[in-house]
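# Close look at the chain arrangement
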Amino acid sequence: AHPYAEASISRVVAQLGIAKGSVYQYFDDKADLFCWLVAEGGRRRAAVAADIPAGGSIWDRLRATYRAGAAQWVEDPRWARIGLRVLEPTPEPRLRALRDQVHRATVAHLSSLLVQGQRAGDVRADVVVDRVVPLVRAVLGPGLLDAWLARLGTELDVWMAEPGAVTEGEREALLAAADDAVDLLRRALS
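Here we summarise the structure given alongside this text. Residue positions are counted from 1 within each chain, in the order its sequence is given. Per-residue local features of the predicted model are confined to residues with pLDDT of at least 70, and side-chain atom pairs are confined, for both listing and counting, to 80 or more; whole-chain, interface and lining totals are unaffected and use all residues. The basis for every side-chain value is the complete set of heavy atoms in the structure, and neither hydrogens nor water enter the calculation.

## A few points about the pattern of salt bridges
Pairs may arise between side chains of opposite charge once their charged atoms sit close together. Basically, it comes down to this: What makes a salt bridge here is a side-chain nitrogen of Lys or Arg within 4 Å of a carboxyl oxygen of Asp or Glu, nothing more. For helices the rule is a DSSP run of H or I covering at least 4 residues; for strands it is a run of E covering at least 2, with both sets numbered from the N terminus onward. When a residue's accessible area, from a 1.4 Å probe over protein chains only, is under 20% of the maximum for its type it is buried; when over 50% it is exposed; and in between it is partly exposed.
Counted by the stated rule, this structure contains 10 salt bridges. A salt bridge links E40 to R43; the nearest nitrogen and oxygen atoms lie 3.0 Å apart. Here E40 pairs with R43, and both are found in helix α3 (residues 30-50), just three residues apart, close to one helical turn. Classification of E40 by relative accessible area gives buried; the value is 17%. For R44, the salt bridge is made with E40, and the minimal N-O distance between the two is 3.3 Å.

Quick look at the structure:
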């Protein structure tokens, strides 16, 4: 619910109703706890992605992946907020390294997907994958998030400050924005 710089172990234990020492049994400090949370969110996303059928075009798989992700956000939007928090600028070296690791993993995944798409004929052969990946990442990352927030009529800071569940209307807006983003990429790269 709070940016990393404003979060504290004291606030976390107060929210959970546990002793501060309980946290330090498992985590060295706030950064260690945050890194674990980001990794756990990644494992949850990977489990969702593993359930996406391998058949169909890359566009079908992308659409299914984002629809599954939207369902995950509906189930517990706190994980979405943690995933977004890792993208925030920070002076802390461990968190910058974590953000860079997430970036590299995303680039590798999108590169692999586009190469597979070229082999399957879903992506034009003349597309230079290394040049296109940053654009695809921008459309499916910040661009999709901006489109979703625009449909909701809110800003990221406002949405992230509200720890409540994603409503059905918010979910539908996210699905529509994701469909638009995938369709835009399909038209551009097919």
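That covers the picture; the talk isn't over yet.
## Re the nonpolar core
So the rule is basically this: What we call a nonpolar core is a set of buried Ala, Val, Leu, Ile, Met, Phe, Trp, Tyr and Cys residues that are connected through their side-chain atoms within 4.5 Å. Contacts are residue-level and defined by heavy atoms, with any inter-residue pair within 4.5 Å sufficient.
Counting 32 residues, the largest nonpolar core has L114 and W148 as its most contacted members. Secondary-structure elements contributing two or more residues to this core are α4 (58-75), α5 (77-85), α6 (93-120), α7 (129-152), α8 (156-161) and α9 (168-189). Those residues in contact with L114 that sit more than four places away from it in its chain are I58, V123, V129, V132, V133, V136 and L189. If you look at the next biggest cluster of nonpolar residues, it comprises 10 residues, including Y4, A31, F34 and C35.

## Structural notes on the packing of aromatic side chains
The test is simple: Any Phe, Tyr or Trp ring, taking Trp's six-membered ring, that has another such ring centre within 6.5 Å forms a pair; planes under 30 degrees apart are called stacked, those over 60 apart edge-to-face, and the others tilted. Note on criteria: charge over ring means Lys NZ or Arg CZ within 6 Å of the ring centre, with the direction from the centre no more than 35 degrees off the ring normal.
A full pass over the atoms with the stated rule returns two aromatic pairs. The ring of Y4 carries K30 above its face, with NZ or CZ at 4.2 Å from the centroid.

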